[in-house]
Amino acid sequence: QFKPTRCIIVFDGKGGNSRRKAIYPDYKAGRTFKINPNRLEQLGHTQDQELESMKLQLQRLMSYFESLPLTIMSQDGVEADDVIAYLATTICKKEVIISSTDQDFLHLVNDRITVWSPIKKKLYDTQRVYDEWKVHPDNLALVRAFIGDTSDNIHGVKGVGSKTLLKRVPIVGNSTKIVKEDIFQHCEEQVKEGTKIKMYTTILENKDTVALNVRLMDLKLLDFSENTKSSVRHQYQESPPSLNFWNFQKQYSVDKLYAGIPNLKSWIQNTFNHLSTFSQ
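Small disclaimer: the values here were computed from a predicted structure and weren't measured.

**Some details on the pattern of salt bridges**
Evaluated as defined, the whole model comprises 12 salt bridges. Between Arg-60 and Asp-255 there is a salt bridge whose closest N-O contact spans 2.8 Å. With a gap of 195 residues between them, Arg-60 in helix H3 (residues 47–65) and Asp-255 in helix H12 (residues 245–255) connect regions that are remote in the sequence. Across the pair Glu-181 and Lys-180 runs a salt bridge whose closest N-O atoms are separated by 3.2 Å. Residue Glu-181 is classed as partly exposed on the basis of its relative accessible area of 42%. Among the charged side chains, a salt-bridge network with shared partners connects Arg-20, Lys-28, Glu-79 and Asp-82.

What follows is the structure, given as structure tokens:
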């Protein structure tokens, strides 16, 4: 769809969330891997058998990737989000499209970086982020630090939502970048003036929560080791492999993927020949 000159797929590394868990042990707590019981019944699998099957499927997926002109990255001790942010903001100097449904990436959007949501079928540029959030991307991570992120079990400031924050602290909607101290200062001024709005005192009582959430949620901080950054740069500088159509076709035939990709040669040509040109 976008005809990229490079495609990089990033996986979480082993122990990828260890850094965030070190500063917030409840990070992503309560997340469970759910398997559809109807699928288990249809396949006649136990849950353990299905988990093993999914591991084998992932291994097979990786073998398909190895036949394509793609760069695959995974760094131990680092989450995929952080590697993607580092690549997009620091390593890649040209136009970048991040393909993800994760809202964490929206605060990276600028005149060079956009985010494609494959589920919503929307391309998020600065204007679209602002239209949906009423916040400039530069300030979105800060806003989310106040409201939290339930998917990662990150609790925000109780009683503070994005609309309330925008209403009570109008500078949040500015196009210029602000920091948490700007919001704290606004709240302090309102309290000194005798404003009878509880939210201002609640925010001031939760400065530590906000500061912690910024560390957890702001991908621009690039808070991981120089060795890891060096490894990512090295992988990026390596040329992607060339397209190996015959190897891909062999696996495709063994796995009987005819229904999923009915015209393999046409699909490969339309999707990967363009990438293969730049892998030489």
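**Focus: H3**
The terminal C-alpha atoms of H3, which comprises 19 residues, lie 27 Å apart, in line with the 27 Å expected from a rise of 1.5 Å per residue. Where H3 is concerned, the buried positions are Glu-50, Ser-53, Ser-63, Tyr-64 and Phe-65. Among the structural elements, strand E1 (8–12), helix H2 (37–43), strand E2 (71–75) and H12 are those in contact with the buried residues of H3.

**Focus: the packing of helix H4 (residues 80–91) against helix H11 (residues 226–237)**
Axis separation between H4 and H11 bottoms out at 11 Å; the angle between their running directions is 70°. Looking at the two axes, H4 sits roughly perpendicular to H11. For the pair H4 and H11, the crossing hand works out as right-handed. On H11, the residues that touch Val-83, Tyr-86, Leu-87 and Ile-91 of H4 are Lys-229, Val-232, Arg-233 and Tyr-236. Considering only residue class, the contact of H4 with H11 consists of six nonpolar, no polar and two charged.

**Side note on the side chain of His-186**
With respect to the helices and strands, the residue His-186 is situated in helix H8 (residues 180–192). We classify His-186 as buried; its relative accessible area is 15%. Ignoring anything within four residues of it in the chain, the contact list for His-186 reads Arg-168, Val-169, Pro-170 and Tyr-200.

**Considering the nonpolar core**
The biggest cluster of nonpolar side chains holds 48 residues, and the ones touching the most others in it are Leu-87, Ile-98, Phe-146, Leu-165, Val-172, Ile-183 and Ile-203. A per-element tally of this core places H4 first, with eight residues. Ignoring any residue separated from it by four or fewer positions in sequence, one finds Leu-87 in contact with Ile-8, Val-10, Met-73, Cys-92, Val-232 and Tyr-236. Judged by nonpolar contacts, the second largest core, of 12 residues, contains Phe-245, Phe-248, Leu-264 and Phe-272.

**With respect to unusual backbone geometry**
Across residues other than glycine, the phi torsion is negative in most instances, and most of the peptide bonds are trans. One non-glycine residue, Lys-134, lies in the positive phi region at around 60°. Among the secondary structure elements, Lys-134 is positioned in the loop between helix H5 (126–133) and helix H6 (137–147). Even without being a glycine, Lys-256 presents a positive backbone phi close to 55°. Within the secondary structure, Lys-256 sits in the loop between H12 and helix H13 (264–278).

**Concerning a nonpolar patch on the surface**
Among the surface-exposed residues, Phe-2, Ile-97 and Leu-123 lie close enough to one another that they form a single nonpolar patch of about 210 Å² accessible area. Note that Ile-97 resides in strand E3 (residues 96–99).

**What to know about the packing of aromatic side chains**
Counted according to the given criterion, the structure contains eight aromatic pairs. On the numbers, 6.0 Å between centres and 40° between planes, the contact of Phe-248 with Trp-267 is tilted. One end of the pair, Phe-248, is in helix H12; the other, Trp-267, is in helix H13, with 19 residues separating them in the sequence. Since its relative accessible area comes to 32%, Trp-267 is described here as partly exposed. Cluster of aromatic residues (ring-pair linked, three or more members): Tyr-64, Phe-248, Trp-267 and Phe-272. Sitting over the face of the ring of Tyr-236, Arg-6 holds its NZ or CZ atom 4.7 Å from the ring centroid. The lysine or arginine in question, Lys-229, covers the ring of Phe-224, its NZ or CZ lying 5.6 Å from the ring centre.

Quick notes on the rules
- Residues numbered from 1 in each chain as written.
- Predicted model: local features only at pLDDT ≥ 70, side-chain atom pairs only at ≥ 80, totals over all residues.
- Heavy atoms only, no water.
- Salt bridge = Lys/Arg side-chain N within 4 Å of Asp/Glu carboxyl O.
- Helix = DSSP H or I, 4+ residues; strand = E, 2+ residues; numbered from the N terminus.
- Buried < 20%, exposed > 50% of the residue type's maximum accessible area, 1.4 Å probe, protein only.
- Expected span 1.5 Å × (residues − 1).
- Contact = heavy atoms within 4.5 Å.
- Axes fitted to C-alpha atoms, helices over the stretch in contact; angles between N-to-C directions.
- Parallel < 35°, antiparallel > 145°, perpendicular 65-115°, else oblique.
- Left-handed = near helix turned anticlockwise from the far one by under 90°.
- Nonpolar A, V, L, I, M, F, W, Y, C, P; charged D, E, K, R; others polar.
- Core = buried A, V, L, I, M, F, W, Y, C linked by side-chain atoms within 4.5 Å.
- Patch = residues over 30% accessible without salt bridge, like charges linked within 9 Å, V, L, I, M, F, W, Y side chains within 5 Å.
- Areas by Shrake-Rupley, 256 points an atom, 1.4 Å probe, with all protein chains shown as cover.
- Phe/Tyr/Trp six-rings, centres within 6.5 Å; stacked < 30°, edge-to-face > 60°.
- Lys NZ or Arg CZ within 6 Å of the ring centre and 35° of its normal.

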